[in-house]
Each structure stands twice: as structure tokens, then as C-alpha cells.
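Listed here are the chains, written in short residue letters.
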There are 2 protein chains.
Amino acid sequence: MKFIHTSDWHIGRQLHNQSLLEDQRHVLAQIVELAVTHDVDAVIIAGDIYDRSVPPANAVALLDEVVNRLVNELKIPVIMIAGNHDGHERLGFASRQMRESGLHIIGPLNNTLVPIEIVGKSGNAMFYGLPYADPATVRHVFDSEVNTHEQAMVQLLEQVSEHDSQGLPKVVISHCFLDGGSESESERPLSIGGADKISSTVFTPFSYAALGHLHGPQYKGEEHVRYSGSILKYSFSEQHQNKSVTLVELTPEGVASIELLPLSAMRDVRIIEGELDALLEAGKTDLQREDYLMVRLLDKKAILDPMGKLRAVYPNVLHLERTGLMANNSQLAIGRDHIKKGELDMFTDFFSQVSGEPMSEEQQAVMVNAIDELHRVERTS
Amino acid sequence: MKFIHTSDWHIGRQLHNQSLLEDQRHVLAQIVELAVTHDVDAVIIAGDIYDRSVPPANAVALLDEVVNRLVNELKIPVIMIAGNHDGHERLGFASRQMRESGLHIIGPLNNTLVPIEIVGKSGNAMFYGLPYADPATVRHVFDSEVNTHEQAMVQLLEQVSEHDSQGLPKVVISHCFLDGGSESESERPLSIGGADKISSTVFTPFSYAALGHLHGPQYKGEEHVRYSGSILKYSFSEQHQNKSVTLVELTPEGVASIELLPLSAMRDVRIIEGELDALLEAGKTDLQREDYLMVRLLDKKAILDPMGKLRAVYPNVLHLERTGLMANNSQLAIGRDHIKKGELDMFTDFFSQVSGEPMSEEQQAVMVNAIDELHRVERTS
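All figures in this text were calculated on a predicted structure; none of them were measured in a lab. (Residues numbered from 1 in each chain as written. Chains lettered and ligands numbered in written order. Predicted model: local features only at pLDDT ≥ 70, side-chain atom pairs only at ≥ 80, totals over all residues. Heavy atoms only, no water.)

### Looking at unusual backbone geometry
Residue and element names in this part refer to chain B. The backbone of D48 sits at a positive phi, close to 55°, despite the residue not being glycine. Note on placement: D48 falls in the loop between β4 (42–45) and α2 (57–73). Exposure remark for D48: the relative accessible area of 1% places this residue in the buried category. The backbone phi angle of H213 is positive, close to 130°, even though this residue is not glycine. Within the secondary structure, H213 is located in the loop between β12 (208–212) and β13 (218–219). A relative accessible area of 2% means that H213 is categorised as buried. (Helix = DSSP H or I, 4+ residues; strand = E, 2+ residues; numbered from the N terminus. Buried < 20%, exposed > 50% of the residue type's maximum accessible area, 1.4 Å probe, protein only.)

What follows is the structure in C-alpha cells.
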């Protein structure tokens, strides 16, 4: 049994207001080619298929093309689960009418696990797709008493453990945040206050855990509990990541061997730094000058229309930082840190500025629930 | 070959800000029951499945349920086409992966006709689903020189005529505005300036034309060129319409016999008129007092909180007209007429008020194109 594990396609996403649709088309075509080259038995997509609950029409059309190429033309089954960015109902529409075709979409959570047996050229395996679900949803669907993301996952995995796979290896597909996993700046927090993290050990009993959410490829605990990472760099913080899909080969006994298959972006996402004149000079011979760039200008004096000058050489400069002009570089760091903090901290800051007092723990707990609820509503509306 | 023809479900639609989802669930369950009772070979939905390009998640979930009941549980094939209200790409996602199941969704127009042969208990038939497409789209997809809706339809129907159905009756499914058809207030114009209407004669060569768009059940020209009408009254102008689905039986030679199967709404949509006290008194014994109501109050004096008083008896009063207070009833009529006029006339009024001059024919032509383009973009974004 040989399959490709990928996740976090985020089709329709923009980077600093630049549409990435053509970049996504480019890299998705590579995934199709890799599936052919490696003669895989399935392609697994572990959530965040789209970037938003309501994807733009051209994003839907692109996914339709890719899926049709894999499933109908190449006869390679595809399993995808809804992530925290996806609209579960919209993504899951008519999924029961697609199953026979080999396309398996797991949209809204329900209390009946649907194991998917994939027939492989060197042995079969049983796949279990768990859509992203926060504790409130799991509590509602299973009428149970779970409060944390970890408890919710344990509840979902119980069904997987109990299912009789007739001796076939079990592969779990899930979209979640493993404790200790390393973040990028482009993931939207699943929750706030840290209760979104779960221990990697809950997945170790299975032959393989195909995870989505974190955008850097990595494993936690054991090698077979793994994030494939996103297909493109979705923030400048990912400039040093190498994007790939994961090729997984399972023995009939369920032992996984793993290989990373690199993806090559149409345009790279990177940061360049220097004085304007030097950058413009270097750009003339830079074969990658069409990459998506953040430019840190070190010049200490005012410059007329630096963006215009840069774009004449590097057409896809998306962001410009006048690092040289910043009186205090530590301020810059604070600024960045602040953005990373998320809604709770920003609201806490706002609250203490307005009220003159810090928020109490009780008040913070109320806010945590409110913000979580807002994210939940956003996902289901 | 026996099938149900229905259209204009508009799932997710609101009536004066009142969600109709439960009413839609109620009437869709009847359609499923009618399909069983009459042992039909297919259910045809001629466009405007949803009310908006981006339907709410609960509308998607309802359609998913209905389709699953028909296709998976009852094994009754369903064919649906995108109407002018639907998002063609979103509705058509993964449609090629559903075909084998018996669910046929025709989303975006493309230049390859996909005939659908349905196997019937007393003979087969060939169905041709044409999604709603304005002249600009047909021009683009077929690289042809069509300018009117009629020319566009003739272009699409040519493919149908040319297709060899191996002697099977041909059924065309289309979403369009037939010249002479009677409108309601709840249809969104396909175009403005009248160029949206097409002659019913283009459909007469086929065994049956299952049309959508107009909300009142009706036929034009010949009995087999027919609108099923919407499943619910979507405006008070439809208060006297009887909603139904159309049961069509085709002989193997393609002669259609037709029967209307009435639908019964959970709550009717109607207008009541009278003085407040009389209406409140009558309401006490009105078994239909939970209907969706427009109330025309004939009282000539001021009344404190008439809506509150009415809703205490009729909980679903959606709109109140103080007809008795209107100094000049003709003004009321003008007001209604104005609403019906649509964007072009409203803009023409606005233009002449602002500029002090009427719009020239040339200026109007520019506006017609601009507004059509806006509607087109809305449908595809």
C-alpha cells in the first residue's frame, strides 16, 4: 500500500493580496505527476482544502479539475477531510454520491465512522478520515462530556480503535495541533489559550497518522505521526521551509516507511535585505526576480517611491520594510510579536487600556469561550 | 418513462427576512413521497436549486439530505441544472464523480453536451441538461456570434438536435424566460430591456421541455413546453397560484402526457385585508393563522403598535400596509410598479433627476450592458 499524504492546500488563498491560484495550479499539477510516477494507490489530503468556508468560484473549479484528473482519469482514489478553514457542509455536499467513484470527502462530523478500504497493489489498508472538530462539536455530536481538544480527539479515535479492520493496517487522517509542533505564521489558531494542543501519543497506536494544520513538514513523537505541511509557503515566516508531499509505504503488517517528495513552486517566497541600489543591481542578474518578495531596505535616508523602483526589477515585491529607518528595531519585533498574539491578547490589551485594569482570569475565560464560539460559527455558517 | 419535473427550489430563500428552510424541508419531503407513490424513473430540477450563488450551510445540508434520499436510498436518478440564481462552479463541483451514483448536476456551461440516458420501467429516454447561460457566456464557450438569449438557446439546442438518441425520446432541461410567459414578483430578471425572452417554438421539436425560471406553473405554445413553477410561493404576488410538480409520462414514441401533482405548504402565503378589530376577531377561529401574511389595514385612524396586535393572533405577519391611511391609493400602485421596474429604470430615473436630462438611447445601451455584466459576474464569482 503506497499513498501520498498532503494537506493544507488552501486553494484560493492570497499572499499580501496577491492571488496564488496559478501557483497552486502549478504545484497541484506536480502532485498529480508524483502520484503517477510513484504509482500510488491513493492520495490523502488532511484538511484545509480551501482557504475559506466560502471559496471563490475559480478555486472550486481548480479543485474540480485536480480531483477529476486523479479520480476519473488516473483512477487514483482521493480521500480528503475538512480542516478548520473549510466549510464542512459545503465541502461535504453529495459526498455519499461520490464514494463509488473513488472520491471520499469527509465534511461535517457525524457519529458514524465511515472506514474506507483502499485496495493497493501490494496490500490493502483501512483509512479513517476525521474532519476537524472542536470540543463543542464533538460534545454535541456524541452527546459526551469532552472539554479539551485532546479529549475530543480521544473520543474520535476510540471508534477507530474499536473498528475491526480485518487485520488491515489503520491509517488515521486528522486536522489538529500536536503539542510541541512548530508553527508558522500562516496557520489560524484552532482555539486560544493553548487548549487546542493534543499529545502525539494518541496517534501512536495506528500504522500512520496523516495530519494537517501545521504548515511545515514534521513529525512528533514517532515518525509515523506526521504533518505533510502545506503545498506552498503561505507566509514569509516559511521562507526557509522546504515544501513537499509525503510518500508513505505500508507493509501488510502496517509498518510505514516514509519519503519526502519535494514540491517546486512557480515563484518562491523569500525575504531579501540590503540597500536599495545594491538590491536593484543584484536584481538584474537574479533569475528568481519574479519570486514573491518581502524587501527589508537598510537605507537610512528617505527614498522617493522605493516600491516603484523595486517593482521595476522585482515585479512581485509584496511587502516592504524600511528596516534602516526604524529608530528602534526592538519595536519592530514587538510589532511582529503583537500580530502573532491573536485575538485574546489583543483584546486583553484593549481591555486594560480602556478600563485601566487588567482582565481577571474569569473575564479571560469568558472571552476565550466567546472567541472560540465566533470561530465555530464562522466555520459552520 | 415517467418522471417528475420540478424547478425553482430556491433553497435558503427568505420571505421578508423570514427563513423558509423548514417550509422547504416540508415540501421537499412531499416531492420525495410523490416520486415514490408514482414510481417515477427520474426527478428533474430545472434550475435555481439554491437562492444564491453562495447558499447558507444549512441550505446545502438540506439539499444533501434530499438528494441522498432520492438517489442513494430510493435509487431514483436526479438531474439538476444550474439556474440564474445558482453559482455554477460551486453547484457543479465534482459532478463527474457523482454520475455513476445517478446524480447528474450540470453546473458551468461547456461546449461538450453530455446526454443522460435514463432507464425507465416502460422505456428509456435521453435527457439534455442545459445550464442557464446568457449570450455572453454562450458566445465565449462556443466562440460564436450570438447576441440575444434566443440566439444563445438556438445554439445550445442545435447540439441536442444533432445528437443521435438512438430513437429515444429527447427531453430538454433549461432555465429561461419564454416570450409570453407570466411572471411573478419573485423572479430575478435574466436581463433587462426585454432581450431575455425567447420563443417557445425553439423547444417544440423535442418530446418535452422541462423549464425553470417562471414561478407559476404554465406552458407556452404547446403543452409539452412547460414550466413546473416553484415549490413555494416566494412572493405575495403568488398568493393565488397553486404550486405543484409536473408528472410527465412519455410513450416510447415520445408523446408526453402530463399531470400536475399539487404541493401543500406548511404555511400558506396570503394577503388579508380589513379593519384591525375585525381581523383580530376573525383570527381567533382562523385555523391557518400561522400562515405567512401580508395584512392590508383599512382603518383610517392611527393605531398604536398594529404589528404587535396582529402578531399576537397571527404570529407570522411579515408585512403590513396601512392601506386605509394612504391618501392616494394610486401612489401605492406606483410604488409597487416602481419596485418591479428593475435596475435600468431606477437608474434612468436617478440619472434624469441628477443631470436634469433624460438618458439618450446610447447611454441606456451602455447601462444595459453594464447591468447585465454585473449580474453575470455575480453568478460566476
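### Looking at the interface of chain B and chain A
Listed by partner, the interface residues are 28 residues for chain B and 28 residues for chain A. Summed over both sides, the interface between chain B and chain A buries roughly 2,200 Å², with carbon and sulfur atoms accounting for 61% of that surface. Three residues stand out in chain B for area buried against chain A, namely F93, R96 and Q97 of chain B, and they jointly supply 33% of the buried area on that side. Put simply, chain B and chain A have two salt bridges between them. In this structure, D64 of chain A engages R96 of chain B in a salt bridge whose closest nitrogen and oxygen atoms are separated by 2.9 Å. Here chain B is connected to chain A by 16 residue pairs in polar contact (both at pLDDT 80 or more). Counting residues per element, the ones that place at least two in the side of chain B that touches chain A are α2, α3 (88–92), α4 (95–98) and β6 (103–106) of chain B. A per-class count over the side of chain B that touches chain A returns 15 nonpolar, eight polar and five charged. (Contact = heavy atoms within 4.5 Å. Buried area = accessible area lost by both parts, 1.4 Å probe. Salt bridge = Lys/Arg side-chain N within 4 Å of Asp/Glu carboxyl O. Polar contact = N/O pair within 3.5 Å; in protein donor to acceptor, adjacent residues only side chain to side chain. Nonpolar A, V, L, I, M, F, W, Y, C, P; charged D, E, K, R; others polar.)

### Here we look at the relation of the copies chain B and chain A
Superposing chain B onto chain A requires a rotation of 180° together with a translation of 0.1 Å along the rotation axis, leaving an RMSD of 0.1 Å. Taken together, these values place the two copies in the relation of a two-fold axis. Scanning chain B for the C-alpha nearest the rotation axis identifies M98 of chain B, at a separation of 2.3 Å. Most of the interface of chain B is mirrored in chain A, where 100% of its interface residues again form contacts. (Least-squares fit on C-alpha atoms with pLDDT ≥ 70 in both.)

### Topic: the side chain of S200 of chain A
All names here are of chain A. Inspection of the secondary structure assignment puts S200 in the loop between β11 (197–198) and β12 (208–212). Its relative accessible area of 12% is what places S200 among the buried residues. Here S200 is in contact with L178, K220, G221 and V225, once residues within four sequence places are set aside.

### Description of the UniProt feature "domain: Calcineurin-like phosphoesterase" (unreviewed entry) in chain A
UniProt records the feature "domain: Calcineurin-like phosphoesterase" (unreviewed entry) at residues 1–191 of chain A, using the numbering of this structure. End C-alpha to end C-alpha, residues 1–191 of chain A measures 35 Å, and it is 34% helix and 19% strand. (UniProt positions renumbered as here; feature names shortened; annotations may be inferred.)

### Digging into the nonpolar core
With 96 residues, the main nonpolar core has M80 of chain A together with M80 of chain B as its most contacted residues. Residue contacts for M80 of chain B: discarding those within four places in its chain leaves I45, I49, L63, V67, L91, L103, H104, I105 and I106 of chain B. In terms of nonpolar packing, the next biggest core, distinct from the first, is built from 30 residues, L113, L130, V138 and V146 of chain B among them. (Core = buried A, V, L, I, M, F, W, Y, C linked by side-chain atoms within 4.5 Å.)

### Focus on the sheet that holds strand β17 (residues 269–274) of chain A
Residue and element names in this part refer to chain A. Taking strand neighbours across the sheet as the criterion, the three strands line up as β17-β18-β19 in an open arrangement whose pairing is parallel. Each of the sheet's edge strands pairs with one partner strand only, and the pair in question is β17 and β19 (317–321). Here the average twist between neighbouring strands, direction ignored, is 20°. (Pairing = 2+ DSSP bridges. Axes fitted to C-alpha atoms, helices over the stretch in contact; angles between N-to-C directions.)

### Concerning the confidence of the model for chain A
On average, residues of chain A carry a pLDDT of 90, and 93% of them reach 70 or more. Within the model, the stretch residues 330–340 of chain A combines pLDDT values under 50 with nine contacts to residues more than four positions away or in other chains. (pLDDT = per-residue confidence, 0-100.)

### Digging into the environment of L34 of chain A
All names here are of chain A. Position of L34 among the secondary structure elements: in helix α1 (residues 21–37). Relative accessible area serves as the criterion here: at 16%, L34 is assigned to the buried category. Between the alpha carbons of L34 and L260 there is a distance of 11 Å; along the sequence they are 226 residues apart. Not counting chain neighbours up to four residues away, the residues in contact with L34 comprise I4, V245, L261, P262 and L263.

### Description of the packing of aromatic side chains
Residues and elements named next belong to chain A. A full pass over the atoms with the stated rule returns four aromatic pairs over all chains. Considering the side-chain rings of F3 and F127, the 5.2 Å spacing of their centres and the 80° angle between planes classify their relative orientation as edge-to-face. Highlighted residues: F3 in strand β1 (residues 2–6) and F127 in strand β8 (residues 125–129), separated in sequence by 124 residues. A relative accessible area of 0% places F3 in the buried class. Ring pairs connect the aromatic residues F3, F127 and Y208, which therefore count as one cluster. The ring of F177 is capped by K197, whose NZ or CZ atom sits 4.7 Å from the centre of that ring. (Phe/Tyr/Trp six-rings, centres within 6.5 Å; stacked < 30°, edge-to-face > 60°. Lys NZ or Arg CZ within 6 Å of the ring centre and 35° of its normal.)

### Section: α1 of chain A
Residue and element names in this part refer to chain A. Over its 17 residues, α1 runs 24 Å from end to end, which matches the ideal 24 Å to within 8%, given 1.5 Å per residue. Residues of α1 that are buried include every one of L21, D23, Q24, V27, L28, Q30, I31, V32, L34 and A35, and no others. D39 sits one or two residues past α1 and shows a positive phi near 50°. (Expected span 1.5 Å × (residues − 1).)

### With respect to the packing of helix α7 (residues 276–284) of chain B against helix α8 (residues 306–313) of chain B
Residue and element names in this part refer to chain B. Closest axis-to-axis distance for the α7/α8 pair is 9 Å, and the angle between their directions is 15°. In terms of orientation, α7 and α8 fall into the roughly parallel class. Considering the relative orientation of α7 and α8, their crossing is left-handed. Along its contact with α7, which presents L276, L280, G283 and K284, the element α8 presents K309, L310 and V313. (Parallel < 35°, antiparallel > 145°, perpendicular 65-115°, else oblique. Left-handed = near helix turned anticlockwise from the far one by under 90°.)

### A few points about the pairing of strand β18 (residues 292–297) of chain B
Residues and elements named next belong to chain B. Burial within β18 is extensive, with six of its six residues counted as buried. As defined by bridge partners, strand β17 (residues 269–274) adjoins β18 across six bridges and the pair is classed as parallel. Directly across from V269, in β18, lies its bridge partner Y292. On the question of chirality, the crossover connecting β17 to the parallel β18 by way of α7 is right-handed. Of the pairings in the sheet, the one linking β18 to strand β19 (residues 317–321) comprises four bridges and is parallel in character. (Right-handed = clockwise from strand over helix to strand, strands pointing away.)

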